[in-house]
Amino acid sequence: MELKNKTILVTGCAGFIGANLIKTLFRTKDSIKIIGIDNLCNYYDVGLKEYRLREIENAVSESKNGCWHFEKADIADRKKLTDIFERYRPTVTVNLAAQAGVRYSIINPYAYIESNIVGFFNVLDCCKTCGVSHFVYASSSSVYGDGAVTPFSEDDSANTPVSVYAATKKSDELLAFAYSKLHGIPSTGLRFFTVYGPAGRPDMAYYSFADKFVRGEKIKLYNFGNCKRDFTYIDDTVNGIIKVMESPPQIADGKVPHEIYNLGNNKPENLNDFVQILAEKLKKEGVLSPGFDLSDHIETVGMQPGDVTDTYADMTKFCTRFGFKPATDLRQGLGNFAAWYKKYYFG
Ligand SMILES: NC(=O)c1ccc[n+]([C@@H]2O[C@H](COP(=O)([O-])OP(=O)(O)OC[C@H]3O[C@@H](n4cnc5c(N)ncnc54)[C@H](O)[C@@H]3O)[C@@H](O)[C@H]2O)c1
């Protein structure tokens, strides 16, 4: 499906992935109209969300006939959401709004039920009512729990989540499947794997580690540093989402038009190596002093509830369907993050 001239609705537009997706769409597609929804919740620094919205405005001004509308709204507010869908009648909807974060779901599970279950279902139902051509939504590698065989394959039952966050994401996949079957809505769920990059999420390890190093504090490496993550650079994630948006599952042969794909790097990195590269890149940018000694800033501790030791995406299904695979090297990606961090916080 050609996205040119289409109306696209993106929820979670002030979020890390949402804002980057929208900027790339404005930069690469002519004459698109994008409606962004976000409640600008204060789970992390709202200033960063406002910064991302300003970046979107810049991308619109440089686009070819791009049209942008921002709606501050909560997807759990059914009436408001219905009004927005009726007003704009999007062709493609991308649901990225969610209460993210595994650890916070232990402290405040209701926030996850509100945004990820009630809010998600509202978006899904609006897609049905408006007859969208493709509903794309964010799931997570967390659905694989702690017992899945690596690399994680979409064929795994993923029925043993270890956090409420993961359980809500798996529930979303089931709700989307049911709506695709009942109402024929072409929908695609994407299981993202630890997405990182400039202007990312301050609650995620790489960002909070940078903050702690700058403040001279120690970071905690869980499971004594014996964790592996399939870090996926933001541009790779965004390019993957766009490929998916352009290719809705076909309604054919009585098959339910619903698909789930991993979208990860297919190259898990050890947490210890990751932290070393991060510190090196922050030093190179002058964010950390040349004398910064990483070993003074690390505390190794046991595993914490809700976390998994390893994540590793099997990308066979995605590559076969879309001919695309993330390629950004961790050194390059963390270098870009460090350069952005310096500019954003130190001018
Ligand atoms: N970043 C990752 O590594 C990662 C990994 C797996 C899955 N995901 C999923 O990808 C999606 C995007 O993640 P992100 O990293 O950009 O997170 P993010 O927190 O930066 O973005 C989510 C945005 O949604 C908004 N939001 C939250 N609840 C809302 C609600 N009820 N109504 C309207 N807006 C709401 C927030 O204000 C935020 O701007 C989420 O669904 C997340 O669960 C992300």
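Above: the structure in question.
One structure accompanies this document, and this report is about it. Predicted, not measured: the structure shown is a model, and the values here were computed from it.

1. Examining the pattern of salt bridges
Considering all chains together, one arrives at 12 salt bridges under this definition. Across the pair K255 and E259 runs a salt bridge, and its minimum N-O distance is 2.9 Å. Residue class for K255 comes out partly exposed when judged on its relative accessible area of 49%. By relative accessible area, E259 is classed as buried at 18%. The salt bridge involving E259 is made with K317; its shortest N-O contact spans 2.8 Å. Of this pair, E259 sits in strand β11 (residues 258-263) while K317 sits in helix α10 (residues 316-322), placing them 58 residues apart in sequence. Via salt bridges that share partners, K255, E259 and K317 belong to a single interconnected network.

2. A look at the environment of S187
Position of S187 relative to the elements: it lies in strand β6 (residues 187-192). A relative accessible area of 1% places S187 in the buried class. In this structure, S187 is in contact with H134, F135, A176, S180, P249, P257, H258 and E259, ignoring residues within four places of it in sequence. In this structure the side chain of S187 is engaged in a polar contact, spanning 2.6 Å, whose partner is the side chain of S180.

What counts and what doesn't
- Residues numbered from 1 in each chain as written.
- Predicted model: local features only at pLDDT ≥ 70, side-chain atom pairs only at ≥ 80, totals over all residues.
- Heavy atoms only, no water.
- Salt bridge = Lys/Arg side-chain N within 4 Å of Asp/Glu carboxyl O.
- Buried < 20%, exposed > 50% of the residue type's maximum accessible area, 1.4 Å probe, protein only.
- Helix = DSSP H or I, 4+ residues; strand = E, 2+ residues; numbered from the N terminus.
- Contact = heavy atoms within 4.5 Å.
- Polar contact = N/O pair within 3.5 Å; in protein donor to acceptor, adjacent residues only side chain to side chain.

Note that every value here comes from positions in space, so none of it alone points to a role or purpose.
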